[in-house]
Amino acid sequence: MNYKDIANLIFPDVTLTVEDIFKRYPKRNLKEGQCVTRFAPSPTGLVHIGNFFQAFISYNLAKNSDGVLFLRIEDTDRKREKTEAKKVLYDVLNKFGLEFDEYQTLDGKDIGDYGPYVQSQRNDIYRVFAKKLVEEGRAFPCFCKKTDGKEDVLKLRESKFIDNDEREYDPCRDLSYEEIKKHIDNGESFAIRFKTKNKGDERIKFKDVIKGELEAKANAKDFIILKSDGTPPYAFAHAVDDTLMGTTIVVRGEEYIASTPAHIELFEALGFKLIDYCHNPLIYKLNEQGNRRKISKRYDPESNMMFFVENGYPNDAVYEYLLNMINSHFEIWRKNNPNLNWREFKFKPNEITTVAPIFDLVKLNDISKNIIATYSGEELFEKWRHWAEEYDKPLAQILNKERDKFVKVCQMDREGKPKPRKDIYDYKMMKELFHYFFESPKPIFEEEDKAKELLRSYLENFKMPSSNEEWFNDVKVIAGNLGYATDNKLYKENPDAFKGNIAKACEFIRLALTGEKDSPTLFNIIEILGEEETKKRLESCTK
RNA sequence: GGCCUCAUGGUCAAGUGGUUAAGACAUCGCCCUUUCACGGCGGAAUCAGGGGUUCGAGUCCCCUUGAGGCUACCA
């Protein structure tokens, strides 16, 4: 069999050699321990948290080793590609501030020496390597089509039990030059299949950086390396690109473990050095029945990274939560280093969890609360405003117009306090949380007469307080005169002797000013509302 | 069906043959307190089941069970 002639027959246009290509992609000059990692998403129109999780692991591996992180767009599957999808991807990456050392800009400019960083622009490269495999008898053209009365063959191929016997019936595996020429002269399209050397009973061992040594059946399938449209499926593109681009460690989901033996045989056939794999677990959700299921874009808004952006979670909160999912050494580190940025935290790939974690929004919220609690009032205000500019325009207008007031709102129980409030986990919730600073409340009193009496007296004696202590003393005097207990111990001993305790009196004032039974310290609220507005609200409750 | 991965409280998990089985979130109780939030103290709660190996097993081996993945001209 003259494989060289066959190769020239099916790739007449390919004149470059593998050596020519390698000249274009010189080996990277790396120091010991330096990692080259990549994020290789296909543009689907959204960035799934599972994918971002991988990107983030890659990012850490690269940064922690002073290595390289590049972005490669895997858009070989035309059916899946959507217009705008790439834009969405870049937008999300940008919003999260995930920076790449090498990538292609949206307008098609390659940054870095190993481009193009978009697979659909690399077809000529894949063809050179496919041709080489054909030349060496390690790949063959396959003319099988579903419309061709060959359903039985396709079924065999697709069946679960392909072994050596069945392969003998493969109509394309050992076609002669003449037979191939006939097919081509007929104008038939074809795919290129890899020709495995295995028979189906071989075993193979390989290392995974997270899981350690793995063992599986060796590949025994003649899988496609070039589709009939000339583009490569994942496996082939992965082998060629990651080799040429000098990737040292591939981070991918654990769904790829099963196909790793196929990738290894491909690498060997191509004469490529094997690359380290890091198969990370998928992210799950708990359903109503308490079973775990894959987090899905259909049912779980938080599976889409835009969820966190649109709700106004700080990026750092999302990152820290991810880090927490990757391994909980982080949490201990965080506790010991409360003031360091998470970027200072170094983890090794073998410390990444082997267990598929369940996404826990409550935990994320807790992390987020702690992070937001570290912001100054001014900082919080700016972040809130910045978020509103994009996701709540009317709110942004108000914040811009009444800047001073809302900076003060953001400063409440925050600045100068050793134990700041921790009740905000995203910017979206703030408008509702502080609704009484945007509009007059509509309080509902359970004991209306009592409330009116107290509020009337408070309003009559009202003077702007200059400190919390002063304010509280004023309330004590006024409430005390009306028969409220100013000493809680006395009240507890004999509650019937009083109209209520100070807490009760405060509740009436709080309701009048905020419409809520719970709020930050009233003194702060009065200070922000100002004398006029405070009196107005009190008065409207006395009628 | 075949092949593969995984298994510690409700959740995230530490743990690499000898521990009273860390810690965090959630939950419950108490304290602080003008409410909330914060903070402090405390409680309840875990090694999926069964066999081995060993003086000794959460940890090593086998089986079972459960969960998940792959088995495409998707990635």
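Note that the coordinates shown come from a computational prediction; the quantities given were computed from them, not determined experimentally.

(A) Representation of the packing of aromatic side chains within the structure. One pass over the full model with this rule turns up 36 aromatic pairs. Ring geometry for Tyr 59 and Trp 342: centres 6.4 Å apart, planes at 55°, overall tilted. Of this pair, Tyr 59 sits in helix H3 (residues 49-64) while Trp 342 is found in the loop between helix H13 (329-336) and helix H14 (361-372), placing the two residues 283 residues apart along the sequence. Its relative accessible area of 8% is what places Tyr 59 among the buried residues. Ring geometry for Phe 194 versus Phe 223: centroids 5.1 Å apart, planes at 25°, classification stacked. Separated by 29 residues along the polypeptide, Phe 194 in strand S6 (residues 191-194) and Phe 223 in the loop between strand S8 (212-217) and strand S9 (224-226) bring together distant segments of the chain.

(B) Structural view of the packing of helix H19 (residues 448-460) against helix H20 (residues 468-481). Orientation of H19 relative to H20, taken along the N-to-C sense of each, is 125°, at an axis distance of 10 Å. The orientation of H19 with respect to H20, classified from their angle, is oblique. Both H19 and H20 take part in a crossing whose hand is right-handed. Contacts from Leu 454, Ser 457 and Tyr 458 in H19 reach Trp 471, Val 475, Ile 478 and Ala 479 in H20. Taken together, the residues of the contact of H19 with H20 break down into 6 nonpolar, 1 polar and no charged.

(C) Spatial organisation of the sheet that holds S9. Here we have 3 strands laid out as an open sheet, ordered S5-S6-S9, and antiparallel in their pairing. Of all the strands in the sheet, just strand S5 (139-142) and S9 have a single pairing partner and so form its edges. Averaged over all neighbouring strand pairs, the angle between strand axes comes to 40°, with direction disregarded. Pairing between S6 and S9: 2 bridges, direction antiparallel. Residue Arg 193 lies in a different strand from S9, and its bridge partner there is Ile 224.

(D) Highlighting the pattern of salt bridges. Taken as a whole, this structure holds 39 salt bridges when the rule is applied. Close ionic contact of Arg 38 with Asp 242 constitutes a salt bridge, the shortest N to O distance being 2.4 Å. Of the two residues, Arg 38 sits in strand S1 (residues 36-39) while Asp 242 sits in helix H9 (residues 234-244), which places them 204 residues apart along the sequence. A network of salt bridges, in which partner residues are shared, links Arg 38, Arg 72, Glu 74, Arg 122, Asp 241 and Asp 242.

(E) Spotlight on empty space enclosed by the protein. Evaluated as defined, the whole model comprises 3 cavities of 30 Å³ or more. Taken as a whole, the largest cavity spans an internal volume of roughly 80 Å³. Forming the walls of the largest cavity are 13 residues, and the residues nearest its centre are Tyr 3, Ile 6, Phe 140, Arg 173 and Leu 175. Secondary-structure elements contributing two or more residues to the lining of the largest cavity are helix H1 (3-10) and S5. If you tally residues by element for the lining of the largest cavity, the top one is S5, at 3 residues. Looking at the lining of the largest cavity residue by residue, the classes come out as 10 nonpolar, no polar and 3 charged. Quantified by volume, the second largest cavity comes out at close to 40 Å³. If you trace the second largest cavity, you find it lined by Tyr 458, Asn 461, Phe 462, Lys 463, Trp 471, Asp 474 and Ile 478. Among the elements that line the lining of the second largest cavity, the one with the most residues is H20, at 3 residues. Its residues assigned to classes, the lining of the second largest cavity comprises 4 nonpolar, 1 polar and 2 charged.

(F) Region of the structure containing the nonpolar core. Counting residues in hydrophobic clusters, the biggest one holds 104 residues, and the most contacted among them are Phe 308, Trp 384 and Phe 437. Counting residues per element, this core draws most heavily on H3, which supplies 9 residues. Apart from residues lying up to four places away in sequence, Trp 384 is in contact with Leu 395, Leu 399, Phe 406, Cys 410, Tyr 427, Met 430, Lys 431 and Phe 438. Residues Tyr 117, Val 128, Phe 129 and Leu 244 belong to the second largest nonpolar core, which totals 51 residues.

Rules behind the numbers
- Residues numbered from 1 in each chain as written.
- Chains lettered and ligands numbered in written order.
- Predicted model: local features only at pLDDT ≥ 70, side-chain atom pairs only at ≥ 80, totals over all residues.
- Heavy atoms only, no water.
- Phe/Tyr/Trp six-rings, centres within 6.5 Å; stacked < 30°, edge-to-face > 60°.
- Helix = DSSP H or I, 4+ residues; strand = E, 2+ residues; numbered from the N terminus.
- Buried < 20%, exposed > 50% of the residue type's maximum accessible area, 1.4 Å probe, protein only.
- Axes fitted to C-alpha atoms, helices over the stretch in contact; angles between N-to-C directions.
- Parallel < 35°, antiparallel > 145°, perpendicular 65-115°, else oblique.
- Left-handed = near helix turned anticlockwise from the far one by under 90°.
- Contact = heavy atoms within 4.5 Å.
- Nonpolar A, V, L, I, M, F, W, Y, C, P; charged D, E, K, R; others polar.
- Pairing = 2+ DSSP bridges.
- Salt bridge = Lys/Arg side-chain N within 4 Å of Asp/Glu carboxyl O.
- 1 Å grid on protein atoms, 1.4 Å probe; cavity = no way out; pocket = protein on both sides within 12 Å on 5 of 7 lines; lining within 4 Å.
- Points joined across faces, edges and corners; volume = space filled by probe spheres on them.
- Core = buried A, V, L, I, M, F, W, Y, C linked by side-chain atoms within 4.5 Å.

Everything listed here is a matter of geometry and, on its own, says nothing about what the molecule does.
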